[in-house]
Amino acid sequence: MTISSKLPNVGTTIFTVMSKLASDYGAINLSQGFPGFNCDPHLLDLVAKYMNKGFNQYAPMSGVPVLKQRLAEKTKLVYGVDYHAEEEVTIVSGATEAIFSAVTAVVREGDEVILLEPAYDSYAPAVILNGGIPIYIPLSLPDFSVDWEKVKSAINPKTRLIMVNTPHNPTGYVWSQEDVNMLASLIHDTDIYVVSDEVYEHISFDGRTHISLMTHPVLKDRTFVCGSFGKTFHVTGWKIGYCLAPKELTAEFRKIHQFVTFSTATPLQYALAEYLEVPGNYLSIPDFYQKKRDLFCEGLKGTPFQFVPAQGSFFQLVSYGHLSQESDFDLAVRLTKEIGVASIPISVFFNEKTDHKILRFCFAKEDSELKRALDKLQNSKLFP
Ligand code: PMP
Ligand code: GLN
């Protein structure tokens, strides 16, 4: 049997490709974005506690009530915004599912969806599978800020949705209050929805605060805010996240969620609910990652790469166009095989695979591993 692919241009994700290459060549894996250290042992104890207590059957479809409640409380504490725990908070199997379900809830055949490029790789497939048409708008180099004139000129009656990601993967750009206000002013009198991917909400640097789209009343009414406990608590393998959205949007979102996964691992939900009782568990994260970003950037000064320290996320971009015209993909592969450090070529986050000669390194790793990687990057001949 042959199959006519619904995603003819999609192959295996770059994260899988580069992680496998790193493993095949025994390279230090700074490619795929996942922490190279374990979570707080107390969180593991909590999971064991709830498993042993017998919390091992299906959770309610929208999440266990106590976790929805704790998340609503955290949201109020951090952003000063109210969401109704039972009607506006949904626990899902990772932010990837939140994004897919939110896109599916609103995008119909022929709808246009604005994606700001470089864009996280799951957005366009979610749009295309729902019959939507991605409209790609490039972010502006060198800092990858949003070009609001370009966004404005892309908006038309067919525009159904805008995908936002702040702090941004892969560039680390963090939206300012002006960005949030601009978006609100461009769409306040339209029926455009927003999916706001805020998985790195607790990872921004140099005193910057993450400004959630929920804090703007115009945006709150039309936005699905997607988050990830995996990113926040160093447990990406648990695949557990959430979606915050107004009641009517949540009702539609849950219709999709209930047939994508139905519900999410029960003992993890109870454990996270108890863990969220201590705000320090998430409020300490920016400092923790700031030290890693600083360590990594300090070491990069001893390499030929050019860079501007990331504003947020756990990724650092480096550029090398002043040294070589090698494609970013070829360089990422060569550095993995020959130097022993794996990265991600950011051309993969562009629809046209635009090559700006930039690599992305993940610095969510043990300091010792970062130092070993830096040592290799500093002391090897990277370019012929
Ligand atoms: N959005 C962005 C920007 C990400 O970097 C990631 C993950 N790494 C996700 C979504 C997916 O999060 P999750 O693992 O919770 O599905
Ligand atoms: N979000 C992670 C990254 O950007 C990867 C997640 C995945 O492998 N799907 O590296």
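Okay, so let's go over this structure. The structure presented is a predicted model; accordingly, all values stated were derived computationally and were not measured. (Residues numbered from 1 in each chain as written. Chains lettered and ligands numbered in written order. Predicted model: local features only at pLDDT ≥ 70, side-chain atom pairs only at ≥ 80, totals over all residues. Heavy atoms only, no water.)

## A few points about the packing of aromatic side chains
Applying the stated criterion across every chain, the model contains 24 aromatic pairs. Ring geometry for Y50 against Y270: centres 5.5 Å apart, planes inclined by 25°, an arrangement best described as stacked. Here Y270 lies in helix α12 (residues 266–275) and Y50 lies in helix α2 (residues 41–52), a separation of 220 residues in the sequence. Using a relative accessible area of 11% as the deciding quantity, one classes Y50 as buried. Summarising the aromatic geometry, the rings of F224 and F253 are spaced 6.3 Å apart at their centres and angled 35° between planes, so their arrangement reads as tilted. With F224 in strand β7 (residues 223–228) and F253 in helix α11 (residues 247–260), this residue pair connects regions lying 29 residues apart in the sequence. What makes F253 buried here is its relative accessible area of 0%. Taken together, F37, Y200, F288, Y289, F314 and F315 form an aromatic cluster joined through their ring pairs. (Phe/Tyr/Trp six-rings, centres within 6.5 Å; stacked < 30°, edge-to-face > 60°. Helix = DSSP H or I, 4+ residues; strand = E, 2+ residues; numbered from the N terminus. Buried < 20%, exposed > 50% of the residue type's maximum accessible area, 1.4 Å probe, protein only.)

## Structural notes on the nonpolar core
Ranked by size, the top nonpolar core spans 99 residues in total, and within it W175, L183, F229, F233, F305 and F314 carry the most contacts. Here the element with the most residues in this core is α12; it accounts for 6 residues. Excluding anything up to four places from it in sequence, W175 contacts L116, V146, W148, V164, N165, T166, V180, L183, I211 and L213. If you look at the next biggest cluster of nonpolar residues, it comprises 24 residues, including I99, V107, F224 and L249. (Core = buried A, V, L, I, M, F, W, Y, C linked by side-chain atoms within 4.5 Å. Contact = heavy atoms within 4.5 Å.)

## A short note on the environment of H257
Relative to the helices and strands, H257 resides in helix α11. A C-alpha to C-alpha distance of 9.2 Å links H257 and S93, two positions 164 residues apart in sequence. Apart from the residues lying within four places of it in its own chain, the contact partners of H257 are M61, T90, I91, V92, E97, S101, F262, S263 and T264. In terms of polar contacts, H257 uses its side chain to reach the side chain of E97, at 2.9 Å. (Polar contact = N/O pair within 3.5 Å; in protein donor to acceptor, adjacent residues only side chain to side chain.)

## Describing the site of ligand 2
The environment of ligand 2 is made up of F15, Q32, G33, Y120, N169, K231, F315 and R360. Contact distances for ligand 2 include 2.8 Å between an oxygen atom and a side-chain N or O atom of N169. Its free accessible area being 300 Å², ligand 2 has 78% of it covered by the protein chains. Partitioned by chemical class, the residues of the shell around ligand 2 number 3 nonpolar, 3 polar and 2 charged. (Near = heavy atom within 4 Å. Areas by Shrake-Rupley, 256 points an atom, 1.4 Å probe, with all protein chains shown as cover. Nonpolar A, V, L, I, M, F, W, Y, C, P; charged D, E, K, R; others polar.)

## Section: α2
For an α-helix, the turn length of 3.6 residues means that residues three or four places apart are oriented alike. For α2, spanning 12 residues, the distance from its first C-alpha to its last is 16 Å, which sits close to the expected 16 Å at 1.5 Å a residue. Of the positions making up α2, those classed as buried are L43, L46, V47 and Y50. Projected onto a plane normal to the axis of α2, the buried residues spread over an arc of 100° and lie on a single side. α2 presents P41, D45 and N52 as exposed residues on the side facing more than 90 degrees away from its buried surface. (Expected span 1.5 Å × (residues − 1). Arc of directions from axis to C-beta.)

## A word on the side chain of N165
Structurally, N165 can be placed in strand β5 (residues 159–165). A relative accessible area of 6% means that N165 is categorised as buried. Of note is the side chain of N165, whose polar atom sits 3.2 Å from the backbone oxygen of P167. Polar contacts involving the side chain of N165 include one to the main-chain amide nitrogen of N169, which spans 3.0 Å. Ignoring anything within four residues of it in the chain, the contact list for N165 reads Y123, W175 and D197.

## What about the site of ligand 1?
Taken together, 13 residues lie near ligand 1, and T96, D197, Y200, K231 and K239 sit nearest. A distance of 2.6 Å is found between an oxygen atom of ligand 1 and a side-chain nitrogen or oxygen belonging to T96. At 2.5 Å, a side-chain N or O of D197 approaches a nitrogen atom of ligand 1. For ligand 1, the protein covers 93% of the area, taking 390 Å² as the surface of the free molecule. A molecule is said to occupy a pocket when more than half its atoms come within 2 Å of that pocket's grid points, and by this definition ligand 1 occupies the largest pocket. (1 Å grid on protein atoms, 1.4 Å probe; cavity = no way out; pocket = protein on both sides within 12 Å on 5 of 7 lines; lining within 4 Å. Sits in = over half its atoms within 2 Å of the grid points.)

## A closer look at the pairing of strand β8 (residues 241–244)
Burial along β8 is two-sided: the residues G241 and C243 and Y242 and L244 are all buried. Note that strand β2 (residues 89–92) and β8 share 4 bridges and pair antiparallel. Along β8, the bridge assignment pairs T90 with C243. Relative to β8, β7 is paired through 4 bridges, and the arrangement is antiparallel. Bridging from a neighbouring strand, G227 pairs with Y242 of β8. (Pairing = 2+ DSSP bridges.)

## Some words on the side chain of E201
Secondary-structure assignment places E201 in the loop between β6 (193–197) and α9 (217–220). The class of E201 is buried, set by a relative accessible area of 8%. Within the structure, E201 has its side chain in polar contact with the side chain of Y79 (distance 2.6 Å). In contact with E201, other than residues within four places in its own chain, are K74, Y79, P167, H210, T232 and Y242.

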